[in-house]
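Given next are the chains, with one letter for each unit.
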Amino acid sequence: MTMEHKVERKLFDEVMVPCYSPMQIIPVKGQGSRIWDQADREYIDFAGGIAVSCLGHCHPVMVNALKSQAEKLWHLSNVMTNEPALRLAKKLTEHSFAEKVFFANSGAEANEAALKLARRYAVDKFGPEKSEIIAFNQGFHGRTFFTVTVGGQAAYSDGFGPKPQAISHIPYNDLSALAEIMSDRTCAIMMEPLQGEGGIISPTSEFVQGVRELCDKHNALLIFDEVQTGNGRTGNFYAYQGLGVTPDILSTAKSLGGGFPIGAMLTTTALAEHMKVGTHGSTYGGNPLACAVAEAVVDEVSKPEVLAGVKEREQWFRDALEQINAKYPIFAEVRGKGLLLGAALNEEWQGRARDVLLAAVEEGLMVLVAGTNVVRFTPSLVIDKADVDEGMARLERAIAKLYNK
Ligand SMILES: *Cc1c(COP(=O)(O)O)cnc(C)c1O
């Protein structure tokens, strides 16, 4: 095969490990909330690369940060520190409860660091018996073996041999189940402050408050996985800030890089001390290119007008979905917060979220699903009104076609 050979979707089946089943189209260009495929067909993007492209595609602040860092320094390793990493870490501490930052390259790695820190802290401070991690059914924390086992879908962690031990799952929003299972052996609770992959499920305020109290009572750490909810997605810089409950450890990734791979674990000085030299690490973690882009993203997303704009856009989405549903009633409810929204299908439409997604693509619109019953929307946090209106017109056409079939 020469370089001029046409790159087609069927090449995926020939040369890629088949753990994904990508759509037939191959996008080649993106600008703002629009994407173009190889045939120059245009799509509106309500998916945002799964809650990643928080400033849309090729936003000038990201492009400028990447280009200017690309001409200075790409990589050092953690044998040396670098200016973009230190600047970004400082800003993350300014925008959150955290005093210390560990950089990784993905959400799973940020969670892996969070879980290892929790276990190490418990061992140092209370002894090896304090090892139990409690997490929630339908939770998602990544695909490394530790994080996928903490995630609440056994189907994702089964079939790989012996699993990491001392991990339990209970239903989300079930405070009494949690109170029952917690003990002095509990090391940490890991949870999403709004379940994303699991179907866009918000915690009740009673539940999050109760989780914090139980952690304090049992000397257990509270880990918030904000990989999907973080960096402005829910209208606060981090979702915990809208819940009135502060975790001990927070993981962040996805929107942090706006499309450039980066993840981070945020925590306090008192906890961070337990990760002494040599206890953990990453070759690429804190890479100058990634940190320079993320710094530009954080500067932009943390602006009060951008965060306020997320709430305004949430209303645009809710209003438009309600109007579509008045004509073609397929949704039971729209749930979620900010621009992490899920339209749950009603009784008659159970199991058909993917049909909606495929019909939307036909009309030139990208949406996501969360499970088989929820159509998920995680667009750019700065998507403009014209793109939302046009995207919703396309969604209405897609749903009309399904509805009238
Ligand atoms: C996407 C996601 C992850 C995994 O992030 P990766 O970058 O794919 O490793 C972890 N937790 C949550 C809540 C996520 O949404």
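Cut-offs used in this document
Residues numbered from 1 in each chain as written. Predicted model: local features only at pLDDT ≥ 70, side-chain atom pairs only at ≥ 80, totals over all residues. Heavy atoms only, no water. UniProt positions renumbered as here; feature names shortened; annotations may be inferred. Salt bridge = Lys/Arg side-chain N within 4 Å of Asp/Glu carboxyl O. Helix = DSSP H or I, 4+ residues; strand = E, 2+ residues; numbered from the N terminus. Buried < 20%, exposed > 50% of the residue type's maximum accessible area, 1.4 Å probe, protein only. Core = buried A, V, L, I, M, F, W, Y, C linked by side-chain atoms within 4.5 Å. Domains from an automatic or database assignment. Contact = heavy atoms within 4.5 Å. Near = heavy atom within 4 Å. Polar contact = N/O pair within 3.5 Å; in protein donor to acceptor, adjacent residues only side chain to side chain. Areas by Shrake-Rupley, 256 points an atom, 1.4 Å probe, with all protein chains shown as cover.

The name given to the protein in an unreviewed UniProt entry is Acetylornithine aminotransferase, and the organism recorded there is Photobacterium profundum. What the UniProt record of the protein gives under Subcellular location (unreviewed entry) is the line "Cytoplasm".

A few words on the pattern of salt bridges. Tallied over the entire structure, the rule returns 23 salt bridges. Between E295 and K91 there is a salt bridge, and its shortest N-O distance comes to 2.8 Å. Of the two residues, E295 sits in helix α11 (residues 288–301) while K91 sits in helix α4 (residues 83–94), which places them 204 residues apart along the sequence. Relative accessible area serves as the criterion here: at 10%, E295 is assigned to the buried category. Between D299 and K91 there is a salt bridge; the shortest N-O distance is 3.0 Å. Within this pair, whereas D299 is found in helix α11, its partner K91 is found in helix α4, the two being separated by 208 residues in sequence. Of the residues examined, D299 reaches a relative accessible area of 34% and is grouped as partly exposed. In this structure, a network of salt bridges that share partners links the residues R34, E42, D387, E390 and R394.

Grouped together as the largest cluster of nonpolar side chains are 85 residues, with contacts concentrated most on L92, F377 and L395. Inspection of this core shows a minimum of three residues originating in each of domain 1 (10–59 + 304–403) and domain 2 (73–301). Not counting the four nearest positions on each side in its chain, L92 is found in contact with V101, F103, F237, Y238, L256, A264, L266 and V298. Formed by 20 residues, the second largest nonpolar core is a distinct cluster that contains A113, A135, L221 and I249.

To continue, consider the site of the ligand. Taken together, S106, G107, A108, N111, F140, H141, G142, E192, D225, V227, Q228 and K254 form the complete shell of residues around the ligand. One of the backbone N or O atoms of G107 is found 2.8 Å from an oxygen atom in the ligand. At 2.6 Å from an oxygen atom of the ligand is found a side-chain nitrogen or oxygen belonging to K254. Relative to its free-state accessible area of 390 Å², the ligand is covered by the protein chains to the extent of 82%.

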